Amino acid sequence: ISKELGDVENERERFKKSNEIVDIPTEAKLNLQLSTEATAKELNLENQLQMSQMLLGFLNKQGLGQTLPANVGLDNVAASKNIEVYNSLVLQRNKLLENATEENPLVIEVEAQIKQMRNSVKEGLAKHISALNMSKAQIISQQGSFDSKINKFPTQEKLFRDRKSTRLNSSH
């Protein structure tokens, strides 16, 4: 009996190695957890992507006298800081225009700074959007891997039970 049990354990070990699993229930639980986490990350990335695209679209449509929405939950510190500086410059320009014309040298200087900062914000948002898209593609790939593993577990478990049952039945 001990030889047969040893053979069953050896077969179990070979099966687990060939299927790259340690413990089917534990691995299933782990992959479900990882899949859930990947889904949450994907949703967060999608939210960030939509906010960044919205800001970029808004920036492309507005004039020099309009501020950008701030504190919208953008997770890019540099872009948020650039938006803050941009808005500050726009407010400074608008305040100057209360007592000066657009030909005033101070207004012209601030407008040049606004245009420069506007380009920085655009470039920063475009780079951020690109990085978010790459991260999202990686997460989707990981999600597919986790889902593939999860979908294999019922089959692996059945094969493992079948092999165990066959091995035990052949030893009787």
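Note that the structure is a prediction, hence the values are computed from the model and not measured.

## As for the overall build of the protein chain
Working step 1: Broken down by element type, the protein chain carries four helices and zero strands.
Working step 2: Overall, the protein chain shows an N-to-C arrangement of helices and strands of α-α-α-α.
Working step 3: Here the protein chain holds 172 residues, and 28% of them are scored as buried.
Working step 4: Long-range contacts, defined as pairs at least 24 residues apart, comprise 70% of the intrachain contacts of the protein chain with a sequence gap of at least 6.

## Considerations on the nonpolar core
Working step 1: Ranked by internal contacts, the top residues of the largest apolar core, which has 23 residues, are Leu68, Leu74, Ile83, Tyr86, Ile114, Val121 and Leu125.
Working step 2: The dominant element in this core, judged by the number of residues it contributes, is helix H4 (residues 105-170), at nine residues.
Working step 3: If we skip the residues at most four places from it in the chain, isoleucine 83 touches Leu55, Leu68, Pro69, Leu74 and Val121.

## So, the environment of glycine 144
Working step 1: Mapped onto the elements of the fold, glycine 144 is located in helix H4.
Working step 2: Separated by 109 residues in the primary sequence, glycine 144 and serine 35 have C-alpha atoms spaced 8.6 Å apart.

## With respect to the confidence of the model for the protein chain
Working step 1: Of all residues in the protein chain, 75% have pLDDT values of 70 or greater, and the mean over the chain is 83.
Working step 2: Across the protein chain, the secondary-structure element scoring lowest on mean pLDDT is helix H1 (residues 2-18), at 68, and the one scoring highest is helix H3 (residues 77-96), at 95.

## Quick notes on the side chain of asparagine 76
Working step 1: Relative to the elements of secondary structure, asparagine 76 occurs in the loop between helix H2 (24-61) and H3.
Working step 2: For asparagine 76, a relative accessible area of 16% gives the class buried.
Working step 3: Contacts of asparagine 76, omitting those with residues within four sequence positions, involve Gly124 and His128.

## A word on the side chain of glutamine 62
Working step 1: With respect to the helices, strands and loops of the structure, glutamine 62 is situated in the loop between H2 and H3.
Working step 2: Every residue in contact with glutamine 62, bar those within four places of it in the chain, is listed here: Thr67, Leu68, Tyr86 and Arg118.

What counts as what
- Residues numbered from 1 in each chain as written.
- Predicted model: local features only at pLDDT ≥ 70, side-chain atom pairs only at ≥ 80, totals over all residues.
- Heavy atoms only, no water.
- Helix = DSSP H or I, 4+ residues; strand = E, 2+ residues; numbered from the N terminus.
- Buried < 20%, exposed > 50% of the residue type's maximum accessible area, 1.4 Å probe, protein only.
- Contact = heavy atoms within 4.5 Å.
- Core = buried A, V, L, I, M, F, W, Y, C linked by side-chain atoms within 4.5 Å.
- pLDDT = per-residue confidence, 0-100.

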